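Reading the structure
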Amino acid sequence: MQRRTFLQGLAAATALGSLPLGVANALSPMASVSVESLPKLEGDLTLYLGRGEGGLYENVLQAIEKRNPKLNLKIRRGGSAALANTIVAEKKAGVKRADLFWAVDTGSIGMVTDAGAAKPLPTDLTTQLKEGFQYPSWSPVTGRVRTLPYNTQRVSPEQIPDSVMALADSDLKLGWAPAYSSFQSFVTAMRLLEGEKATRAWLKGVNRNAKKYAGELGVVMGVERGEVDVGFANHYYTLRLKSGKPDANVALAYTKNDAGCLVNASGIVALSDGDLPVNFIRYLLTHEVQSYLAREAYEIPLVQDVAQPEGLASLSTLTPPAMDLRNLADLRPTLNLMRDVGVL
């Protein structure tokens, strides 16, 4: 019912508000905007869409299309990194086929912005985003935080260190998914923050006492079953598990000011000039879309006035490391390091 309400409401939203969008945002630059205040989208638009979130991004796109019958939206789907490489190659060849790129990770965003393919965004759009997520050349859409899911029957919160680096020397049985892209972004952040030597030692230490899983949902399920004490995973896998099994024996712990509590984001880049790509991005930052992704995908809304998923610590209480998320684009040294250590 909640999903139908969102889709119907977004598709049925009608005219512009009584104030032009720019004026409304100037009066309340940090408030979330309703879809009803946005201009209609008209014309041809090509979106490169990174796969993710089990079709929920597709639901958002379908709702936007329903509200904007004069929008001719063409979508090319693929892995975020592969699409980013395509955009970079197209730019080098002097060919532009995409107007927008919506990626599930900031590493792919970084590849595109570093190549100079991104167009600047207006400040009235970027100031809708929470502090720390305002960038001139791309817009975060939703966030995800690295967490330590733990088995509440096997481990007490006091047993979990608040430093992710300390887990390399811990007696806790650990679960991880080294081949998973989110984990590799986390290791990249560790490499940038702590250095390659410390990251190498950490990987070796954890590898001695870790059970490997194919993905991070598997990690969380293994924690809940008691196969391991603590795991490494993005927050939403635990929240999704508990939504279907409220009495699951798993809870979330957070480290402090290190890669273990990195807040990453999905994001979108405008690749063409003009109002149409920018106004499309505005739809993704509306109260309705942000609420839908928080409710259905358990992602963290990055605009004001939208409630975050239940069961997650408030962003204001977390201490993620300060870093430009686009720097996570350089995965090659991370993958080389993980292969050299023997975890891939």
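Residues numbered from 1 in each chain as written. Predicted model: local features only at pLDDT ≥ 70, side-chain atom pairs only at ≥ 80, totals over all residues. Heavy atoms only, no water.

Moving on: the pattern of salt bridges. Under the counting rule described, the total for this entry stands at 14 salt bridges. The partner of aspartate 229 in a salt bridge is arginine 154, with the nearest N and O atoms 2.6 Å apart. Separated by 75 residues along the polypeptide, aspartate 229 in the loop between helix H9 (216–225) and strand S7 (230–231) and arginine 154 in the loop between strand S4 (139–151) and strand S5 (174–176) bring together distant segments of the chain. We classify arginine 154 as partly exposed; its relative accessible area is 42%. (Salt bridge = Lys/Arg side-chain N within 4 Å of Asp/Glu carboxyl O. Helix = DSSP H or I, 4+ residues; strand = E, 2+ residues; numbered from the N terminus. Buried < 20%, exposed > 50% of the residue type's maximum accessible area, 1.4 Å probe, protein only.)

This brings us to helix H4 (residues 80–92). Taking 1.5 Å as the rise per residue, H4 with 13 residues should run 18 Å; its terminal C-alpha atoms sit 19 Å apart, in good agreement. Those residues of H4 lying buried are Ser80, Leu83, Ala84, Ile87, Val88 and Glu90. Across the axial projection of H4, the buried residues extend over an arc of 160 degrees, all falling on one side. Lining the buried residues of H4 we find strand S1 (43–50), strand S2 (71–78), strand S3 (100–103) and helix H5 (106–114). Glycine 94, located one to two residues past H4, shows a positive phi value of around 75 degrees. (Expected span 1.5 Å × (residues − 1). Arc of directions from axis to C-beta. Contact = heavy atoms within 4.5 Å.)

Phe101, Trp202, Phe232 and Phe280 are the most contacted members of the largest nonpolar core, which totals 106 residues. Ranked by the residues each element gives to this core, the list is headed by helix H11 (residues 275–284), at six residues. (Core = buried A, V, L, I, M, F, W, Y, C linked by side-chain atoms within 4.5 Å.)

What follows covers the packing of aromatic side chains. Going through the model one piece at a time under the given rule, you end up with 11 aromatic pairs. A centroid spacing of 5.5 Å and a plane angle of 85 degrees characterise the contact between tryptophan 176 and phenylalanine 183, whose relative ring orientation is edge-to-face. You'll find tryptophan 176 and phenylalanine 183 in the same group, each marked buried. Geometry around tyrosine 213 places lysine 211 over its ring, the cationic atom sitting 5.5 Å from the centre. The side chain of arginine 240 reaches across the aromatic face of tyrosine 237, ending 5.8 Å from its centre. (Phe/Tyr/Trp six-rings, centres within 6.5 Å; stacked < 30°, edge-to-face > 60°. Lys NZ or Arg CZ within 6 Å of the ring centre and 35° of its normal.)

Moving on, we come to the side chain of threonine 147. Considering the arrangement of structural elements, one finds threonine 147 in strand S4. At a separation of 2.8 Å, a polar atom in the side chain of threonine 147 contacts the main-chain carbonyl oxygen of alanine 233. Sequence-distant contacts of threonine 147, that is, excluding residues within four places in its chain, are made with Gly231, Phe232, Ala233, Asn234, His235, Leu252, Ala253, Tyr254 and Gly260. (Polar contact = N/O pair within 3.5 Å; in protein donor to acceptor, adjacent residues only side chain to side chain.)

Contact geometry for helix H3 (residues 56–67) and helix H12 (residues 287–296): axes closest at 11 Å, N-to-C directions at 155 degrees. Classed by the angle they form, the pair H3 and H12 counts as roughly antiparallel. Relative to H12, the crossing made by H3 is right-handed. Contacts from Leu56, Tyr57, Asn59 and Val60 in H3 reach Val289, Tyr292, Leu293 and Glu296 in H12. (Axes fitted to C-alpha atoms, helices over the stretch in contact; angles between N-to-C directions. Parallel < 35°, antiparallel > 145°, perpendicular 65-115°, else oblique. Left-handed = near helix turned anticlockwise from the far one by under 90°.)

Right, let's talk about the pairing of strand S10 (residues 263–270) for a bit. Buried residues dominate S10, accounting for eight of its eight residues. Burial along S10 is two-sided: the face carrying Val263, Ala265, Gly267 and Val269 and the face carrying Asn264, Ser266, Ile268 and Ala270 are both buried. Here S4 runs beside S10; their pairing, made up of five bridges, is antiparallel. In the sheet register, serine 139 faces S10, and the bridge partner there is isoleucine 268. (Pairing = 2+ DSSP bridges.)

What follows concerns unusual backbone geometry. We note that asparagine 257 has phi near 55 degrees; this positive angle belongs to a residue other than glycine. Positionally, asparagine 257 belongs in the loop between strand S9 (250–253) and S10.

Moving on to helix H13 (residues 332–341). Inspection of H13 places Thr334, Leu335, Leu337, Met338 and Val341 among the buried residues, and these make up the whole buried set. Down the axis of H13, the buried set is contained in an arc of 160 degrees. They therefore lie on one face. Exposed side chains of H13 directed beyond 90 degrees from the buried face belong to Arg332 and Asp340. In this structure, the buried side of H13 is in contact with helix H7 (181–194) and helix H8 (196–207). Where H13 terminates, the next one or two residues include glycine 342, which has phi positive at roughly 100 degrees.

Right, let's get into the environment of alanine 322. Along the chain, the position of alanine 322 falls in the loop between strand S11 (300–301) and H13. Residue classification places alanine 322 among the exposed residues on the basis of a relative accessible area of 74%. Spatially, the C-alpha atoms of alanine 322 and aspartate 258 are 8.8 Å apart, while their sequence positions differ by 64 residues.

Everything listed is a geometric property; what it means functionally is a separate question.
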